[in-house]
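# Results of the structural survey
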Amino acid sequence: MSMKRYAPLLALAGLALAQAAPAQTVALRHARVIDGNGGAPLENATVLIENGRIAAVGADASVKLPAKAKLIDLAGKSVLPGLISDHSHLGITDGTGAGPQNYNRANIVRELRQWQRYGVTTVTSLGLNGPLFYTLQREAHAGTLPGADIFGADRGIGVPAGAPPMNVAADQLYRPSTPEQARAAVDETATRHPSFVKVWVDDFHHSVPAKMSPEVYRAALDEAHKKGLRVAAHVYYLADAKQLVADGADVIAHGVRDEPVDQAFVDALKAHGTWYIPTLGLDESFYIYAQQPAWMQTAFFRQAVQPALAAQFADPAWRAKVLDPKALAVNQASVKTNQANLKRLYDAGVKIGFGTDSGATPLRLPGFAEHRELHLITEAGLTPLQAISLATRDAAALLKLDDRGTLAPGKRADLLVVDGDPSHAIADLDRIEAVWQRGRQVAGPIAP
Ligand SMILES: [Zn+2]
């Protein structure tokens, strides 16, 4: 084998080594600090990083700097916690395609590095995970895997000839026919200690023949709770979401999109303490790229798109098919309903998580999708600071992670540095200067 063929392997080994090396002491100086808690930003502030963790955050003058600290001047820049996705998927897509062949280390690391470049430093793969997931998760938690940190929902519980309508390997999904089979699937899942069990309760606008019966998902919920596992449920319809909340689902993993939510649903979510992840960008992804908005010309977008996918977006035949008026109307209405429901639930004090279903199809672009989601959340009527808190503090709380999500002493130094002030203009969140993970800079600006 020639040296040329060894070169990428050596580069990869070097990267892994760099991630495992002890982090230095660094002081980010004169920055605007948005700590994730939703309050007004702290201007002219310092974030002190030691041993991969945040050692201090405060006004420049108040933070005592160790003599060995490397000083980085961030005047005019904002520092905020790394973004956290509560709903994504790993290893499903590559280019324009999807299939079980994509659930491999190289492709998943490619995706995790893309999330990281866009400032998403923690990702939840909410179902469809094969055995490789646990190997990669161990490495990610040890700091030896490149890219975003990962949590997951194992394979998940689907329906024979129904949801999810996806081509995955037998070891990526269960499709039980009976409550007994659902319990057995959950028991097997529990031996692997995932963060969640996933269930899919949807018939995709009546396009698949069967929807999971309440008997089957009640069995899965009951068995998961007996094993100390939380359940995240894919939904579309309000009626299903209501029943799942009443039956004890812990996370509603998509927004309700068929009709406006009502007070009974608000009350039920609050009474049960159920989390709700809107995924506003999901239905938009079906059509937005065919409409070719101006932002598709930016490097920030183009750097998230693999060449084959870029070619598809430019193909007039593909665009015409996607912009079929009937489907377009349904998807646009879903986005509007989802946005209005988010605003109502947020204002009522329901626990809202953050995610986009990025990675589930080629159209849900890791990293870019999370920035688009933040834009859509502000379009729904939340302030930029409220949106940022959802994607940091609250997304961590959904995962029950107390080591990240805000900028405070003791938290992991997973940070995003951007130009400008995203507490006023959410678009400034796209002006990435640097991404830090575990106290080390792991990415710079998104540039062509
Ligand atoms: Zn999903």
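It should be emphasised that the depicted structure is a prediction, and the values quoted were computed from it without experimental measurement.

Right, let's get into the packing of aromatic side chains. The description of an aromatic ring pair rests on the distance of the ring centres and on the angle between the ring planes. For the coordinates displayed, the defined rule picks out 13 aromatic pairs. Considering the side-chain rings of Y289 and W295, the 6.3 Å spacing of their centres and the 90 degrees angle between planes classify their relative orientation as edge-to-face. Taking relative accessible area as the criterion, Y289 reaches 5% and is therefore assigned buried. For W295, a relative accessible area of 21% gives the class partly exposed. With a centroid separation of 6.0 Å and an interplanar angle of 55 degrees, the aromatic rings of F300 and F368 are classed as tilted. Placement of the pair is F300 in helix α10 (residues 299-302) and F368 in helix α14 (residues 368-379), with a sequence separation of 68 residues. For the pair shown, F300 and F368 are each scored as buried. Through a chain of ring-to-ring contacts, the aromatic side chains of Y118, Y289, W295, F300, F301, F313, W318 and F368 assemble into a single cluster.

Bound to the zinc ion on the protein side are H87 (NE2), H89 (NE2) and D357 (OD), at distances that span 2.1 Å. By relative accessible area, H87 is classed as buried at 0%.

A separate point is the domain arrangement of the protein. Interface size is commonly expressed as the accessible area that is lost once the parts come together. If you check the domain split of the protein, you get domain 1 (4-81 + 406-443) and domain 2 (83-398). If you average the C-alpha positions of domain 1 and of domain 2, the two centres end up 28 Å apart. Each partner contributes to the interface: domain 1 provides 31 residues, whereas domain 2 provides 30 residues. Taken together, the two surfaces of domain 1 and domain 2 that pack against each other cover about 2,300 Å², and 61% of this comes from carbon and sulfur.

Moving on, we come to the sheet that holds strand β6 (residues 83-88). The strand order across the open sheet formed by 3 strands is β6-β9-β10, and the pairing between neighbours is parallel. Edge positions in the sheet fall to β6 and β10 (149-152), since each has one partner strand and no second. Averaged over all neighbouring strand pairs, the angle between strand axes comes to 20 degrees, with direction disregarded. Across 4 bridges, strand β9 (residues 120-125) lies against β10 in parallel orientation. By the bridge assignment for β10, V123 is matched with I150.

So, about the pattern of salt bridges. Applying the stated criterion across every chain yields a total of 27 salt bridges. Between D347 and K343 there is a salt bridge whose closest N-O contact spans 3.1 Å. On the criterion of helical spacing, the pair formed by D347 and K343 is a turn pair, its members being 4 residues apart in helix α13 (residues 325-347). For K343, a relative accessible area of 28% puts it in the partly exposed group. We note a salt bridge from R364 to D357, for which the minimum N-O separation is 2.7 Å. Each member of the pair, R364 as well as D357, is classed as buried.

Ranked by internal contacts, the top residues of the largest apolar core, which has 109 residues, are L244, F265, Y276, Y289, F313 and L345. Per-element accounting of this core gives the leading share, 8 residues, to helix α15 (residues 384-398). Per-domain counts for this core show at least three residues from each of domain 1 (4-81 + 406-443) and domain 2 (83-398). Residues contacting F313, with those up to four places away along its chain left out, are Y289, Q292, M296, F301, V305, W318, R319 and L363. With 17 residues, the next largest nonpolar core counts A31, I72, L74 and W436 among its residues.

Spatially, β11-β12-β13-β14-β15 is the arrangement adopted by the 5 strands of the open sheet, whose pairing is parallel. Bordering the open sheet on either side are β11 (196-200) and β15 (351-352), each of which pairs with just one other strand. As paired strands, strand β14 (residues 275-276) and β15 are joined by 2 bridges and run parallel to one another. Across the sheet, residue Y276 finds its bridge partner in β15, namely I352.

With 12 residues, α14 extends 17 Å between its outermost C-alpha atoms, agreeing within 8% with the 16 Å of an ideal straight helix rising 1.5 Å per residue. Taking burial as the measure, the 12 residues of α14 include 10 buried ones, the bulk of the element. Those residues of α14 that fall on the buried side of the exposure criterion are F368, A369, E370, H371, R372, E373, L374, L376, I377 and T378. Looking one or two residues beyond α14, the residue adopting positive phi is G381, at roughly 115 degrees.

Another point: the environment of R105. By secondary structure assignment, the location of R105 is in helix α2 (residues 105-117). Under the relative-accessibility criterion, R105 is labelled partly exposed at 36%. Once the C-alpha coordinates of R105 and V197 are considered, the two residues, 92 residues apart in sequence, prove to be 23 Å apart. Beyond its immediate chain neighbours, meaning those up to four positions away, R105 contacts L132, T135, L136, E139 and L145.

When the terminal C-alpha atoms of α2 are compared, their 18 Å separation across 13 residues agrees well with the 18 Å that a helix rising 1.5 Å per residue should span. Restricting attention to buried positions, one finds in α2 the residues N107, I108, V109, E111, L112, Q114, W115 and Q116. Looking one or two places after α2, you find G119, whose phi comes out positive at around 85 degrees.

What follows concerns unusual backbone geometry. Of note, the bond from A163 into P164 is cis; its omega dihedral lies within 30 degrees of zero at -15 degrees. Counting through the fold element by element, P164 comes out in the loop between β10 and α4 (179-190). Positive phi, close to 50 degrees, is recorded for Q292, a residue that is not glycine. Structurally, Q292 is set in the loop between α9 (288-291) and α10. Relative accessible area serves as the criterion here: at 34%, Q292 is assigned to the partly exposed category.

Reading the values: the criteria
- Residues numbered from 1 in each chain as written.
- Predicted model: local features only at pLDDT ≥ 70, side-chain atom pairs only at ≥ 80, totals over all residues.
- Heavy atoms only, no water.
- Phe/Tyr/Trp six-rings, centres within 6.5 Å; stacked < 30°, edge-to-face > 60°.
- Buried < 20%, exposed > 50% of the residue type's maximum accessible area, 1.4 Å probe, protein only.
- Helix = DSSP H or I, 4+ residues; strand = E, 2+ residues; numbered from the N terminus.
- Donors = N, O, S within 2.8 Å, 3.2 Å for Na, K, Ca; no water.
- Domains from an automatic or database assignment.
- Contact = heavy atoms within 4.5 Å.
- Buried area = accessible area lost by both parts, 1.4 Å probe.
- Pairing = 2+ DSSP bridges.
- Axes fitted to C-alpha atoms, helices over the stretch in contact; angles between N-to-C directions.
- Salt bridge = Lys/Arg side-chain N within 4 Å of Asp/Glu carboxyl O.
- Core = buried A, V, L, I, M, F, W, Y, C linked by side-chain atoms within 4.5 Å.
- Expected span 1.5 Å × (residues − 1).

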